[in-house]
Amino acid sequence: MGSAGRVGSAGRVGSAGPAGGPQRLFVGGEWVEPDGGHHEVIDPATEDVVGLAPEASRAQVWQAAAAAREAFGTWSRTSPQERAAILDRTADLLQRDFASHVELARAETGATTATARGMQVAVAVARFRRYARGALEPVETGIPPQINEAGPLGRAAALGAVAVRRPVGVVTCITSYNNPWANPAGKVAPALAMGNTVLVKPAPQDPLSVYRLAAALEEAGAPPGVVNVVSGTSVDVGEAAVDSPDVDMVSFTGSTAIGQRIGEVCGRGMKRQLMELGGKGAAIVFADADLDAAAAGIGTTFSFYSGQICTAPTRVLVQREVYEPLVERLVRYAGHLKVGDPRDRDTVVGPLISAAHRERVESYVELGRKEGARVVVGGERPGPGLDKGFYVAPALLADCAPEMRVVREEIFGPVVVVVPFDGTGGTAGSAESVEDTAVALADDSDYGLIDYVWSADTARAFRVAARLRAGGVGVNTIGRNMEAPFGGFKQSGVGRDCGSYALHAYSETQAVVWAG
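What you see is a predicted model; the values in this text were computed from it and never measured. (Residues numbered from 1 in each chain as written. Predicted model: local features only at pLDDT ≥ 70, side-chain atom pairs only at ≥ 80, totals over all residues. Heavy atoms only, no water.)

1. A closer look at the overall build of the protein chain
Looking only at helices and strands, one finds 16 helices and 23 strands in the protein chain. Dimensions of the protein chain, computed from the C-alpha atoms along their principal axes, are close to 70 × 70 × 40 Å. A burial count over the protein chain gives 56% of its 516 residues as buried. About 20500 Å² of surface is accessible on the protein chain, with carbon and sulfur atoms providing 53% of the total. If you average the places of the 49 positive and of the 59 negative side-chain charges in the protein chain, the two averages end up 2 Å apart. (Helix = DSSP H or I, 4+ residues; strand = E, 2+ residues; numbered from the N terminus. Buried < 20%, exposed > 50% of the residue type's maximum accessible area, 1.4 Å probe, protein only. Areas by Shrake-Rupley, 256 points an atom, 1.4 Å probe, with all protein chains shown as cover. Lys, Arg positive; Asp, Glu negative; His and termini not counted. Charge placed at Lys NZ, Arg CZ, Asp CG, Glu CD.)

2. Section: the sheet that holds strand 16 (residues 395-398)
Judged by pairing direction, the sheet is mixed, and its 7 strands sit side by side in the order 15-16-17-14-13-19-20 without closing on themselves. Among the strands making up the open sheet, the edge pair consists of strand 15 (374-377) and strand 20 (472-475). Adjacent strand axes in the sheet meet at a mean angle of 25 degrees, parallel and antiparallel pairs treated alike. One ladder, built from 3 bridges, connects strand 13 (residues 282-285) with strand 19 (residues 450-454); its direction is parallel. Along strand 19, the bridge assignment pairs Val285 with Trp454. Lying over the sheet, helix 11 (residues 323-335) contacts strand 13, strand 14 (315-319), strand 15, strand 16 and strand 17 (415-421), oriented at roughly 50 degrees with respect to strand 15. (Pairing = 2+ DSSP bridges. Axes fitted to C-alpha atoms, helices over the stretch in contact; angles between N-to-C directions. Contact = heavy atoms within 4.5 Å.)

3. Examining helix 15 (residues 458-467)
Within the sequence span of helix 15, burial applies to Arg460, Ala461, Val464 and Ala465. Angular distribution of buried residues about the axis of helix 15 spans 135 degrees; they occupy a single face of the element. Exposed side of helix 15, more than 90 degrees from the buried face: Phe462 and Ala466 are the residues found there. (Arc of directions from axis to C-beta.)

4. Digging into the pairing of strand 4 (residues 38-42)
In terms of burial, strand 4 is a largely internal element, 5 of the 5 residues being buried. Of the strand pairs in this sheet, strand 4 and strand 5 (residues 49-54) are connected by 5 bridges, and their pairing is antiparallel. Bridge pairing in strand 5 links Glu40 to Leu52. The antiparallel pairing of strand 4 with strand 5 creates a hairpin that spans 6 residues between the two strands, and Glu47 there sits at a positive phi of about 65 degrees.

5. What about the sheet that holds strand 7 (residues 157-167)?
As summarised here, the arrangement of the 3 strands in space is 6-7-23, forming an open sheet in which the pairing is antiparallel. A strand with exactly one partner marks an edge of an open sheet, and here the two such strands are strand 6 (140-148) and strand 23 (507-515). Direction aside, the axes of adjacent strands within the sheet are offset by 20 degrees on average.

6. Structural notes on the pattern of salt bridges
For the structure shown, the criterion picks out 28 salt bridges. Note that Arg272 and Glu508 form a salt bridge whose closest N and O atoms lie 2.9 Å from each other. A residue pair is termed long-range when its members are at least 10 positions apart, and Arg272 in strand 12 (residues 272-276) and Glu508 in strand 23 qualify at 236 residues. On the basis of relative accessibility, which here comes to 40%, the residue Arg272 falls in the partly exposed class. Between Arg463 and Glu435 there is a salt bridge, with the nearest N and O atoms lying 2.5 Å from each other. Pair noted here: Arg463 is in helix 15 and Glu435 is in helix 14 (residues 431-443), with a separation of 28 residues, a long-range link. (Salt bridge = Lys/Arg side-chain N within 4 Å of Asp/Glu carboxyl O.)

7. Comments concerning the nonpolar core
Ranked by size, the top nonpolar core spans 73 residues in total, and within it Phe128, Leu192 and Val198 carry the most contacts. Residues within four places of Leu192 in sequence aside, it is in contact with Trp75, Arg83, Leu87, Thr197, Val198, Leu217, Val226 and Val227. The next biggest cluster of nonpolar side chains, apart from the first, holds 37 residues, and it includes Leu291, Cys310, Tyr391 and Tyr452. (Core = buried A, V, L, I, M, F, W, Y, C linked by side-chain atoms within 4.5 Å.)

8. Here's the deal with the packing of helix 9 (residues 291-298) against helix 11
Contact geometry of helix 9 with helix 11 gives a least axis separation of 9 Å together with a crossing angle of 50 degrees. With respect to their mutual orientation, helix 9 and helix 11 come out oblique. Judged by the twist between their axes, the crossing of helix 9 over helix 11 is right-handed. For the pair helix 9 and helix 11, contact is made by Leu291, Asp292, Ala294, Ala295, Ala296 and Ile298 and by Pro325, Leu326, Arg329, Leu330 and Tyr333, respectively. Its residues assigned to classes, the contact of helix 9 with helix 11 shows 9 nonpolar, no polar and 2 charged. (Parallel < 35°, antiparallel > 145°, perpendicular 65-115°, else oblique. Left-handed = near helix turned anticlockwise from the far one by under 90°. Nonpolar A, V, L, I, M, F, W, Y, C, P; charged D, E, K, R; others polar.)

9. A few points about the environment of Ser303
For Ser303, the location among the structural elements is in helix 10 (residues 300-303). Assessed through its relative accessible area of 15%, Ser303 is described here as buried. Through-space distance from the C-alpha of Ser303 to that of Lys271 is 37 Å; in sequence the pair is 32 residues apart.

10. Focus: the packing of helix 3 (residues 98-109) against helix 4 (residues 113-134)
In contact at an axis separation of 9 Å, helix 3 and helix 4 are set at 110 degrees when each is read in the N-to-C sense. When the axes of helix 3 and helix 4 are compared, the pair comes out roughly perpendicular. With respect to the hand of their crossing, helix 3 and helix 4 are arranged in right-handed fashion. Facing Phe98, His101, Val102, Ala105, Arg106 and Thr109 of helix 3, the residues of helix 4 in contact are Thr113, Ala116, Arg117, Gln120, Val121 and Ala122. For the contact of helix 3 with helix 4, a count of residues per class yields 6 nonpolar, 4 polar and 2 charged.

11. Re the confidence of the model for the protein chain
With 95% of its residues at a pLDDT of 70 or more, the protein chain shows a mean pLDDT of 94. In the predicted structure, residues 1-16 sits below a pLDDT of 50 and forms 47 contacts with residues beyond four places in sequence or in another chain. (pLDDT = per-residue confidence, 0-100.)

Structure below.
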């Protein structure tokens, strides 16, 4: 039975329930039996059952939103110090049970142990620590006084003013399957720090980790209703988490198509939105670039989450002079990556999240071949020893053209496409014409999340970065500063989070004016 298969409450015992047995919903501070039974959560590496996740009904989702609404009044008036203390204790509790959380993360997602440890659970701990501090950040911004002469609005006066950030209210957090620890923590922690209450709807592929987060928050002292978690494979569950009249804001990480549907519902109710959607990151490699560094950065598409990450540099635009040398380096990089059981210490590339997603990725590799791309390496299922699990060998598609679907659409897997370019227009081969061509190719996309520029000429790299229509640009790096704003242009999203920007995202600004 696949991960969407449902079983009754008396089915196989899972490993994630707070008191053992199948997992229950967390609503209003209570662990509640789901109306719709349970579905199996499948280990992508072994196809074994990890546990049983609850299937909420629409009514239960609305009950969770109502519980968050009821808790909001009191929670929003707690002191910043009290909120900070609860977030700090949550981080302590997550650290206490770190090893078991890592094992669950690995089992649910198929991430390597190193990734589950360093990029999933450890990042969740760090985010609760960060927003414990964030709860104490000032929320007021002083505005210079204004002298008003006597008139229809009253006597002459010096009017003082202050802008104050207030909590939005009830925030629905719909999280992605590629990181069920860092992604929910990045939403829940800043939302709570600002005084909001939350309704969390995790991805159906790996929701058990999110219930662990809820249990830690409960143990840390979060009052009933401040945090609620509901899950399910039905579309109704997600829709109810958005259209409940008690929800004031939706924070969503996922595909652009689903984000558009959520945006339509939010628009009807004038609900606030924070959306981190798809990406097709352009990696511009100029002829003067350090090709080894560029290949190592681009190669993370193969190795990091098996390419299941929206920030990956999947669309490589390389200047013709260094096209073949870069392709050769990417082939060597892919060849050194061990595909295998994520529990093995030397495994670099684990499985994809599900059989359905593996088939989707494989279909894109085949589509690229039909479109005329050259499949230089990978794209096939590994050989003997990996008969079970949803594995795909990292694929490199060369000789691609801008109009190909594999170049334009998000694949969300370990697939890199390479497009060569020359300078055109102006003086042939001039720096200006080369940059114009690179920028035009990079911006020829519906997406605009994170792009990358590799060049030994720092001035050129920053000049090109300023022209790119992307929410972020990496200059000679794929690294991220976690205090920098994160979000996308165009169909890659709405709003910004990370660092203090997340605190702003989960707040409304109120002006307070007085006569001096």
